[in-house]
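Report on the structure
Listed below, chain by chain, are the residues.
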Amino acid sequence: MKGIRNIRASYDSFRDLIESGSYYVDKTEVIKEFLVDKFDKAVLFARPRRFGKTLTMTMFREFLDISRDSRKIFGGLKIMDYPELVEDYMNKYPVIFVSFKEVYGDDTESVVRSFRNVVSNLCKNYTYLLKSDMVDDADKVLLDNLRCRRGEIEDIAEFLDLISRMLYYHYGKKVFVIIDEYDVPMAKTMGTSAYEKTRDIIEMMLSFVCKTNENVKAVMLSGCLYTVKNSTYTGVNNIIPYTIMSPNFASSIGFTDGDVKAILKDLDYEDYYGVIKDWYDGYIFGRERMYCPWDVLRFLRSLSDGSYSEQKGPESYWLNSSETSIDIIRGFLGKAVGVMEKFEQLLAGKEIICTVNDNLPYHRIHENGDNIWSALLETGYLTKAVEEGMPRMPLRIPNKEIQEVFRKEVWEFFNGKIDNNYLAEFEKAIWKKDISKAEQNLSMILEATLSFYHEYREYSYHLILDGLFTGLGYRVLSETETGYGRSDLIILDSVKKRCLIIELKHVNDENDIKGALQEANSQIIRNKYNSMLAYDGYVEISCFGMAFWKKRCMISNI
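So, a few notes on the structure that sits alongside this text. Computed from a predicted structure; not experimentally measured. (Residues numbered from 1 in each chain as written. Predicted model: local features only at pLDDT ≥ 70, side-chain atom pairs only at ≥ 80, totals over all residues. Heavy atoms only, no water.)

Regarding the packing of helix α12 (residues 273-280) against helix α13 (residues 293-304)
It is the contact of α12 with α13, at a shortest axis distance of 10 Å, that shows an interaxial angle of 140°. Relative to α13, the element α12 lies oblique. Between α12 and α13 lies a crossing whose hand is right-handed. Across the interface between the two elements, V275, I276 and Y280 of α12 pack against D295, V296, F299 and L300 of α13. (Axes fitted to C-alpha atoms, helices over the stretch in contact; angles between N-to-C directions. Helix = DSSP H or I, 4+ residues; strand = E, 2+ residues; numbered from the N terminus. Parallel < 35°, antiparallel > 145°, perpendicular 65-115°, else oblique. Left-handed = near helix turned anticlockwise from the far one by under 90°. Contact = heavy atoms within 4.5 Å.)

This is the structure:
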């Protein structure tokens, strides 16, 4: 496989991916793991976005669907090593596959219309049932109404039950129901008047097929959150969730460290293992260390097509990839003191301790700090820092890519509060080492941004400066090992080969500010923070101590 360059990260369809000849990391053994080793009537595979949920769901569809011929596309893959399983299951069962990722709306009417469209398009795949002698005539009328967008809300909620019943009678075999991105409608309507109705419709749909249903062999869901537990619809409570906390199926969706090493060996990119590990590794699902496939493949694609820049370095491909997750982050910036303090600790590369709730409804995400951290954990913006799950556990930002996403969001939060003239003047002054002007403009920035803090701490100033320089387009290193210690902030301008080293101090008494500034300067010199940067080829290295008391700052250039 050496020299393969057909790398694609954008395929959701398993058949399209295989038939295009694109690089594929063989995950087909999950089919045996589910059907034979860990079968349950209703399961949820919960993973963050971009980890390959849809690809996994379409793989199950291709393997099971009685209306398809899939032997060729599975040829040479691991699942074919189980001939009895292949004989019993490959293309032997009717399958209903539906995706809810295009269901959205700001009000109940638009959401219902969106559901009606999705259901109508799906029903058009089953028009052959209208001619079946084995299907009840009354069911045919209901199917035709749904196909023609004439169904009422109750009919829409029951469509999976209807089609599974018709398929069972037509084929004489139980049905696999596969629902991809089941929770997206709830995520998209979070905070709107349509949320409650949306959740009600989805829970009603699931209850009809997840409860004791003689027509259904199994229901398989994919999504980010297990958000329907303890529903008033009893069938929903039968779902077995396999979240990122579960050891079962932990490595089935996403890339393991072994997968990444094998890919790099196949593609002759083994020299980039360290870069990929720093930027896209760091997740722990169950007890497994995992990478996001979307990021790894996008990075490898940039290497193969020549678009990667060694000078610029890796990209954060997750930026703007999930509007819902970004809303979660923006929903708590500037709110409770405890939340902001933990956020600052995370951005500085530290761990936080919280109680994780892995069955969290979307409408409760912003109720308290633990719910926020739980939601960010489930959506891939945080990861647990230990292999074993426990009631209270340490969480951290998984890698440099997600740290960049957080920095960008901090910048967006502060950007609307700052006069751009002050920011531009501060940037110009700090590079020119014009201390007086830098102090003056940074003080004005602090006046605008520190107002949401209930108290002042070093992390507050750290977070603001981190966000500002990120927003200006610089690469920011936060609390990075360099010399004989960890510098607070390093601002890199790789194009001009210049950088800033900034050491921050905060005092509670205005009389201590000069002493704190001297300590910041001494720390930079004592720990030789500039040594690594000189070795990396930076020709202009400027070192600054900064000391803060409330909204006042003092700066010195060493």
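Description of the pairing of strand β16 (residues 552-557)
Inspection of the sheet shows strand β15 (residues 540-549) paired to β16 by six bridges, in the antiparallel sense. Its bridge partner lying in β16, F548 is registered against C553. Hairpin connection from β15 to β16: two residues lie between these consecutive antiparallel strands, with K550 at a positive phi of about 50°. (Pairing = 2+ DSSP bridges.)

Looking at the sheet that holds strand β7 (residues 283-285)
The antiparallel open sheet is built from three strands, whose spatial order is β6-β8-β7. Bordering the open sheet on either side are β6 (255-256) and β7, each of which pairs with just one other strand. One ladder, built from two bridges, connects β6 with strand β8 (residues 288-291); its direction is antiparallel. Within β8, the residue paired with T256 across the bridge is M290. Packed onto the sheet, α12 meets β7 and β8 and runs at close to 100° relative to β8.

Brief notes about the nonpolar core
In this structure, F63, F74, L300 and W373 are the most contacted members of the largest nonpolar core, which totals 85 residues. One finds I179, I202, F208 and V216 within the second-largest nonpolar core, a separate group that totals 58 residues. (Core = buried A, V, L, I, M, F, W, Y, C linked by side-chain atoms within 4.5 Å. Buried < 20%, exposed > 50% of the residue type's maximum accessible area, 1.4 Å probe, protein only.)

Some remarks on the sheet that holds strand β1 (residues 42-46)
Read across the open sheet, the five strands follow the order β2-β3-β4-β1-β5; overall the sheet is parallel. Two strands bound the open sheet, and with one partner strand each, they are β2 (95-99) and β5 (240-242). Mean inter-strand twist for the sheet, computed between neighbouring axes without regard to direction, equals 15°. Across five bridges, the pairing between β1 and strand β4 (residues 216-223) is parallel. Note that in β4 the partner of V43 across the bridge is M220. Contacting β1, β2, β3 (175-180) and β4, helix α3 (residues 53-64) crosses the sheet at an angle of about 160° to β3.

Some thoughts on helix α11 (residues 257-266)
Among the residues of α11, those classed as buried are D257, D259, V260, I263, L264 and D266. For α11, the elements touching its buried residues are β6, α12, β8 and α13. Trailing α11 by a residue or two, D268 shows a phi angle of about 60°, which is positive.

In short, the description is geometric, and any link to function would need to be established separately.
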